[in-house]
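Here's the letter readout for the chains.
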Amino acid sequence: MTVPREMPEKWPRVRAPGGAEEERRVRANAREYNEKFQYASNCIKTSKYNIVTFLPVNLFEQFQEVANTYFLFLLILQLIPQISSLSWFTTIVPLVLVLTITAVKDATDDYFRHKSDNQVNNRQSQVLIGGVLRQEQWMNVRVGDIIKLENNQFVAADLLLLSSSEPHGLCYIETAELDGETNMKVRQAIPVTSELSDTSKLARFDGEVICEPPNNKLDKFGGTLYWKENKYPLSNQNMLLRGCVLRNTEWCFGLVIFAGPDTKLMQNSGRTKFKRTSIDRLMNTLVLWIFGFLVCMGVILAIGNAIWEHEVGVCFQIYLPWDEGVHSAFFSGFLSFWSYIIILNTVVPISLYVSVEVIRLGHSYFINWDKKMYCAKRRTPAEARTTTLNEELGQVEYIFSDKTGTLTQNIMVFSKCSVNGHSYGDVQDVLGHKAELGERPEPVDFSFNPLADPRFQFWDPSLLEAVKLGDPHVHEFFRLLSLCHTVMSEEKSEGELYYKAQSPDEGALVTAARNFGFVFRSRTPKTITVHELGRAITYQLLAILDFNNIRKRMSVIVRSPEGKIRLYCKGADTILLERLHPVNQDLTNVTTDHLNEYAGEGLRTLVLAYKDLEEGYYEDWSERLHRASSAAEAREDRLARLYDEVEHDMMLLGATAIEDKLQQGVPETIAILTLANIKIWVLTGDKQGEALLGWGSGLAGDEDIHGLDPICLGAVGQTLPPSAEPGSAHGFLSPETAVNIGYSCKMLTDDMTEVFVVTGHTVLEVREELRKAREKMMDASRSMGNGFSYQEKLSSSKLTSVLEAIAGEYALVINGHSLAHALEADMEVEFLETACACKAVICCRVTPLQKAQVVELVKKYKKAVTLAIGDGANDVSMIKTAHIGVGISGQEGIQAVLASDYSFSQFKFLQRLLLVHGRWSYLRMCKFLCYFFYKNFAFTMVHFWFGFFCGFSAQTVYDQYFITLYNIVYTSLPVLAMGVFDQDVPEQRSMEYPKLYEPGQLNLLFNKREFFICIAQGIYTSVLMFFIPYGVFADATRDDGAQLADYQSFAVTVATSLVIVVSVQIGLDTGFWTAINHFFIWGSLAAYFAILFAMHSDSLFQMFPNQFRFVGNAQNTLAQPTVWLTIALTTVVCIMPVVAFRFLKLDLKPELSDTVRYTQLVRKKQKTQHRCMRRVGRVGSRRSGYAFSHQEGFGELIMSGKNMRLSSLALSTFTARPSAGWIETLRKKKGSDGSTAGSPSGAADKTLKV
């Protein structure tokens, strides 16, 4: 290799002293040279264990759990004979069971990770080695290798494109695995390597690339190729990234720059984080508290033992001698302490953790089995990919969503157009009025055109009539659409055309032209062939003036067969209308009215124009263009000036309006989730113009948004990287369009007050814009009488939102470069305060890393559960960072699904996942934990009270078998049934009343306060459980006059009372009775009595005389009426206060679920009337807008000017009751832990451009 003069002869250090790579140097076909830099191989590893490390690493991880360590400690204590009063098997069996179940689950998960890794690593690739193409596994590919890819193959590593089968080194790729988009994108080799088309030339290629180190920026790449004493700049346009698929290109060759973990795909995957729910974290804290409480009880009883032995026990040494080795009362107390630790450890039995895992597993199966979350079209069920986060689904406060492929279908449909001042697309009935959706006639018949796309539908036959009548303006209109694009055509068989478009907008426009008789048939680098009404015409393609986000337009210059040179241009109305010839003024006014009409319906609009060029002028302009294209410096600026020169004084043809479809059910889902006080943030890689479709998804907006500067709304793209795709956004959203789409999707409401747009390019600009937004919100709040002081709020704790109690609803739109400044350490709190005060937030043109940073920011400062949902590899970091990650499965790749905790095929299923499965899981887990702690404190504390009456001797009240079976047999199944099947309201009511979701967000059903109430009730029960039988037995006699009191009779009475009381209690706690609940509760009681009588039977005594000594005790004891009266009295005294309290609470301060159940009872009596009310409840005041839902009748409601505000009548039913404000009161008390933005305001709608 010849080293150019610009390159140093001795390489500088490529790794920083700390080991981080500063720059990468790669030489083609030189493995030995590249290996000295120790670059990563192409082998990937996502698994955690291997055969050798699994057991020690997994056990180490499991004993990170406080509970597992706690039970291991108890097991060790039970192995010491001097202090153990219980057999060791009571602890070791359940501990080993828990460890085994967890280990099997972890091993299974890791096995599938190994399987996935092996599948990827063993894929075959053609590698050029020694001048010969050899089949190599992906894992054996090295940096510096040259790889051959063939059509429809995955890219094995991050490659520098060297050459391809297409002219000029072009190739086409699909990036669904990276960004979720199925649109084709184009990449091009640099000219100097595009001629290296055979293996002999490539084998001699010894160029050297110096480029940036590995990073996660999908849209940027910077480097230089040094070859033959020249250097050539490299950009992202020259790169093929791992995870892409080669399309419509027979073959291509690429040089491996980054491999394996260094590829951008793997750099964006992020670390796999172990996710735990807030209940898990709270349980660990409570276990520590309980252990502290256990130690305190042990100390008290140990001190009592020492005092008793010193004062009383010493007098009975003859027949109650101390154990061997015990020589003092103090040491006896010390041993007694450990004995009581073992006896009282059942306050937190290990069966708690087994039961929790079983319940979570059941909830996961319910999600997997839910037919209402099954997508028949894709044959894809919902899948719970983890079993540890189900209850957290009932506590979500923030949803972070991708747009493309998640909210949208990324499908564009040609809907309307304006040609020469005439609007087409509206369907009129016989009376001349605009027809409603349900009244539409049959679509236009395109059977005259054998090349028409049968899937295309258009409803206005007058446009086709104009084509057939030879209207020159209409012909020129469709001729422009068939020529001005970058679509690729593939004809698999005669007349069967398949269009591959980089933008779905382009595909929709070219398909429309195709159906109306102007069929784009094929193209070469220099020609375009179009069939115009059956006649094949080939145009010479002279130039393509590419789209970018600054130009907001695209043009082509073509020469017709007659020799006429014409420029065709399409672009944003704000750009093209000012470039028209003055003679177009009248036509411009009419077309502008049509554009406003289309925007009001939520359609994406484009303006079309043309210009005839003189031969002489074109030759001169073309020469100047060639010189500018070859310029070494300021190339982009020179080209931009030339483009701008030729794109002036154009003639207006008309405008197009495209419908951008959301996924089915998105508007309803967003509306209901918003009513559940869940805030939805859209984090999208699209530029701001497209992200405002997220407005279309209902995330922000205002009726009076016309005050916004449309050009400012598009300013986000002005720092568009060189990799910006030509044609990637040929549809433009005006602010009016975005707002109307927002209304259609329910992210915008009529109550919204302001929309803040942050587009600053510097730190100071962003800070000022955020400050203005906060001040505006504060001023509005003061004007409404809040009396809020800005300074007062600033002096509060770390992140007590300045705007926490403001009135009104707001939205924030911020772009990528502004967000980069907003996420800096000194501004992140200001940004978060402003954003959290808004009902909707849209972050557009953000990188995958920024998505994760935004999620992490909310997690860091807000004690709120976050959920991230996406469908592409660019969403993986966000999905892994959030508390809960949801992947949308479908045609956009599987990277997001593989990284997710839950997956399904459509965004609308998120509503059911959260409001039904999530809320039920949280409710069930909370009720389970409350009852579990209650029953175990009631069970265990009896030993504590008994200690004061048995000389603190660590004697148990119950026999050893009852202690072992209490949590395994007698009380385990009823609480499991409640934890798996319980409901407070049916699923329909959960969806109809979203406010029922809020207790989970506020963590009301199980917290430290609820925990103390449970243990207080348990202690109260234990006191009555011990002292009532103790008092009765003190003077009671049997039927034959003998003394009733003896140890075993007392134990049977207390144990029977306990089992009955806790069974009655779980009956009171159960809100939804099934046959399983009945069977488990009454079956457990029957099992208790069966086992009790069996253990006191003659047959067991004869088989095991040393174990079952008390023959007939249970039968004799339970035969006494006094015992049953004692049990009945104990049960009534324990249960009646609970019943009385719940009755008074239900009557005086009912919860929302109580109100809903009451409403449900009323509805059963008025079923017919209720159905009518529900239909009325789905409509309200709404201006006509674009209908995104594709459910039958939904679009008709919107087009008829009616609202679809969900369950408004139902909500008013219970919000009018006295309990309506209790959650709001608690929310205000939550302080910095909450993040509400106040109630909707009735103030006049405004929009602020900050």
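What you are looking at is a predicted structure, and each value in this text was computed from that prediction instead of being measured.

A. Representation of the packing of helix α30 (residues 960–970) against helix α36 (residues 1075–1095) within the structure. For the pair α30 and α36, interaxial distance at closest approach is 11 Å and the crossing angle is 155°. In this view, α30 runs roughly antiparallel relative to α36, as classed from their interaxial angle. The chirality of how α30 crosses α36 is right-handed. Seen from α30, the contacting residues are Y961, F962, L965, V969 and Y970; seen from α36, they are S1084, A1087, Y1088, I1091 and M1095. Residue composition of the contact of α30 with α36, by class: nine nonpolar, one polar and no charged.

B. Structural view of the nonpolar core. Core analysis: the largest hydrophobic core is formed by 99 residues, its most contacted members being L352, L929, Y958 and F962. Counting residues per element, this core draws most heavily on helix α29 (residues 909–947), at 18 residues. Once residues within four sequence positions are removed from consideration, L352 is found in contact with M283, F928, L929, F932 and F933. In terms of nonpolar packing, the next biggest core, distinct from the first, is built from 54 residues, V120, V155, F221 and F258 among them.

C. Structural detail: the pairing of strand β22 (residues 535–545). Where strand β21 (residues 527–532) and β22 come together, six bridges link them in antiparallel fashion. Along β22, the bridge assignment pairs T527 with Q540. In this antiparallel pair of consecutive strands, β21 and β22, the connection spans two residues, and L533 shows a positive phi of 50°. Of the pairings in the sheet, the one linking β22 to strand β23 (residues 553–559) comprises five bridges and is antiparallel in character. Among the inter-strand pairings, I544 is bridged to a residue of β23, identified as V556.

D. Structural context of the packing of aromatic side chains. Evaluated as defined, the whole model comprises 61 aromatic pairs. On the numbers, 6.3 Å between centres and 80° between planes, the contact of F334 with W338 is edge-to-face. Residue F334 and its partner W338 are both found in helix α9 (residues 329–343); the two are separated by four residues, about one turn of the helix. When its relative accessible area of 22% is taken as the criterion, W338 is described as partly exposed. When the ring of Y618 is compared with that of W621, the centres are 6.4 Å apart and the planes differ by 35°; the resulting orientation is tilted. In this pair, Y618 and W621 are both assigned in helix α16 (residues 615–629), three residues apart and thus about one turn of the helix distant. According to the relative accessible area criterion, Y618 is buried, its value standing at 7%.

E. View of the pattern of salt bridges. Scanning the model with the defined rule gives 49 salt bridges in all. Residues D145 and R31 are paired through a salt bridge, measuring 2.6 Å at the closest nitrogen-oxygen approach. Taken together, the positions of D145 in the loop between β3 (132–137) and β4 (146–150) and R31 in helix α1 (residues 31–35) put the pair 114 residues apart, joining distant regions of the chain. Judged by its relative accessible area of 31%, R31 is partly exposed.

F. Structural view of the confidence of the model for the protein. Scored by pLDDT, the protein comes out at a mean of 80, with 81% of its residues at no less than 70. Within the protein, helix α12 (residues 472–483) carries the highest mean pLDDT (96), whereas helix α20 (residues 710–713) carries the lowest (27). Across residues 1–18, where pLDDT falls below 50, the model places 33 contacts with residues more than four positions away in sequence or in other chains. Below pLDDT 50 for its whole length, residues 786–802 participates in 35 contacts with residues either more than four positions away or in separate chains.

About the thresholds
- Residues numbered from 1 in each chain as written.
- Predicted model: local features only at pLDDT ≥ 70, side-chain atom pairs only at ≥ 80, totals over all residues.
- Heavy atoms only, no water.
- Axes fitted to C-alpha atoms, helices over the stretch in contact; angles between N-to-C directions.
- Helix = DSSP H or I, 4+ residues; strand = E, 2+ residues; numbered from the N terminus.
- Parallel < 35°, antiparallel > 145°, perpendicular 65-115°, else oblique.
- Left-handed = near helix turned anticlockwise from the far one by under 90°.
- Contact = heavy atoms within 4.5 Å.
- Nonpolar A, V, L, I, M, F, W, Y, C, P; charged D, E, K, R; others polar.
- Core = buried A, V, L, I, M, F, W, Y, C linked by side-chain atoms within 4.5 Å.
- Buried < 20%, exposed > 50% of the residue type's maximum accessible area, 1.4 Å probe, protein only.
- Pairing = 2+ DSSP bridges.
- Phe/Tyr/Trp six-rings, centres within 6.5 Å; stacked < 30°, edge-to-face > 60°.
- Salt bridge = Lys/Arg side-chain N within 4 Å of Asp/Glu carboxyl O.
- pLDDT = per-residue confidence, 0-100.

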